[in-house]
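Coordinate inspection notes
Chain residues, written in single-letter form:
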Amino acid sequence: MIIITILTSLLIIFYQDIKFRQIHILLPAVLFLTSLYAIYHAVGQRELLALLLFNFIFLCMTLFLMVIYMTIKNRKFLNPFKNYFGLGDLLFYVAVTPLLLLRNYILFFVLSLVFSIVLYFIFNKQKSNIPLAGYASLLLVIIMAKDLLFNFPSITLIKL
């Protein structure tokens, strides 16, 4: 049931971000809480807290460096959530922090950016912004399906 809830949340995020260019605030919350519950039972409290902390620090450092870069590039401070990165995108990346170890979180973060850019150029050339949370959620569905269906090393921490 937990895996179905996570996958359903990811697919709804994909649909909403593609269709409306925004996601409902409850979806990342459901994804985060469901992931917390699943991973807590898989790794325990101490490991889960360390996992959340390291992944969140990575995300904050990345956003901080993005703000610094864009401020230097434009020679003035620009709100990153108005110009470059949506609040739904941030909430999505925070929501998936329990699902991946730091190394895999960094890999997922980078791959989701590349995956989003590739899909954007294939399907949505006429639109002005990239549905990052939507494309990243689609990539996570693919990764989770691979983890659940095939006997390769897992990327996510989700277990059947």
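Quick look at the structure, then. Worth saying up front: this structure is predicted, and the values here are computed from it rather than measured.

1. What about the overall build of the protein?
On a plain count of helices and strands, the protein comes out with seven helices and zero strands. In the protein, the succession of α and β elements from N to C terminus is α-α-α-α-α-α-α. Here the C-alpha radius of gyration of the protein, 16 Å, is about what a compact globule of 160 residues would show, namely 15 Å. For the C-alpha atoms alone, the extent of the protein along its principal axes is close to 50 × 35 × 30 Å. Buried residues in the protein amount to 41% of all 160 residues. Once local pairs closer than 6 in sequence are excluded, the contacts in the protein between residues at least 24 apart make up 61%.

2. Notes on the pattern of salt bridges
Tallying each qualifying case throughout the model produces one salt bridge. The shortest N-O distance in the salt bridge between D147 and K146 comes to 2.7 Å. In this structure D147 comes out as buried when scored by relative accessible area, which is 8%. On the basis of relative accessible area, K146 is assigned to the partly exposed category, the value being 21%.

3. Remarks on helix α5 (residues 87-95)
When α5 is considered as a whole, its buried residues turn out to be D89, L90, F92, Y93 and A95. Those residues of α5 that are buried lie in contact with α1 (2-20), α2 (26-43), α3 (45-74), α4 (80-83), α6 (102-123) and α7 (132-149).

4. A short note on the layout of surface pockets
Size it by volume and the largest pocket reaches roughly 600 Å³. Here the lining of the largest pocket is built from residues that sort into 15 nonpolar, eight polar and four charged.

5. Describing the side chain of D17
Within the fold, D17 resides in helix α1. Of the buried charged residues, D17 lacks a salt bridge, with R21 as the closest side chain of opposite charge at 5.9 Å.

6. A few points about the packing of α5 against α7
Interaxial distance between α5 and α7 falls to 8 Å at its minimum, and their mutual angle equals 25 degrees. Our classification of the angle between α5 and α7 gives roughly parallel. Contacts from G88, D89, F92 and Y93 in α5 reach L132, A133, A136, S137 and L140 in α7. A breakdown of the residues in the contact of α5 with α7 according to their chemical character gives six nonpolar, two polar and one charged.

Rules used in this analysis
- Residues numbered from 1 in each chain as written.
- Predicted model: local features only at pLDDT ≥ 70, side-chain atom pairs only at ≥ 80, totals over all residues.
- Heavy atoms only, no water.
- Helix = DSSP H or I, 4+ residues; strand = E, 2+ residues; numbered from the N terminus.
- Rg over C-alpha atoms; globule rule 2.2 N^0.38 Å.
- Buried < 20%, exposed > 50% of the residue type's maximum accessible area, 1.4 Å probe, protein only.
- Contact = heavy atoms within 4.5 Å.
- Salt bridge = Lys/Arg side-chain N within 4 Å of Asp/Glu carboxyl O.
- 1 Å grid on protein atoms, 1.4 Å probe; cavity = no way out; pocket = protein on both sides within 12 Å on 5 of 7 lines; lining within 4 Å.
- Points joined across faces, edges and corners; volume = space filled by probe spheres on them.
- Nonpolar A, V, L, I, M, F, W, Y, C, P; charged D, E, K, R; others polar.
- Lys, Arg positive; Asp, Glu negative; His and termini not counted.
- Axes fitted to C-alpha atoms, helices over the stretch in contact; angles between N-to-C directions.
- Parallel < 35°, antiparallel > 145°, perpendicular 65-115°, else oblique.

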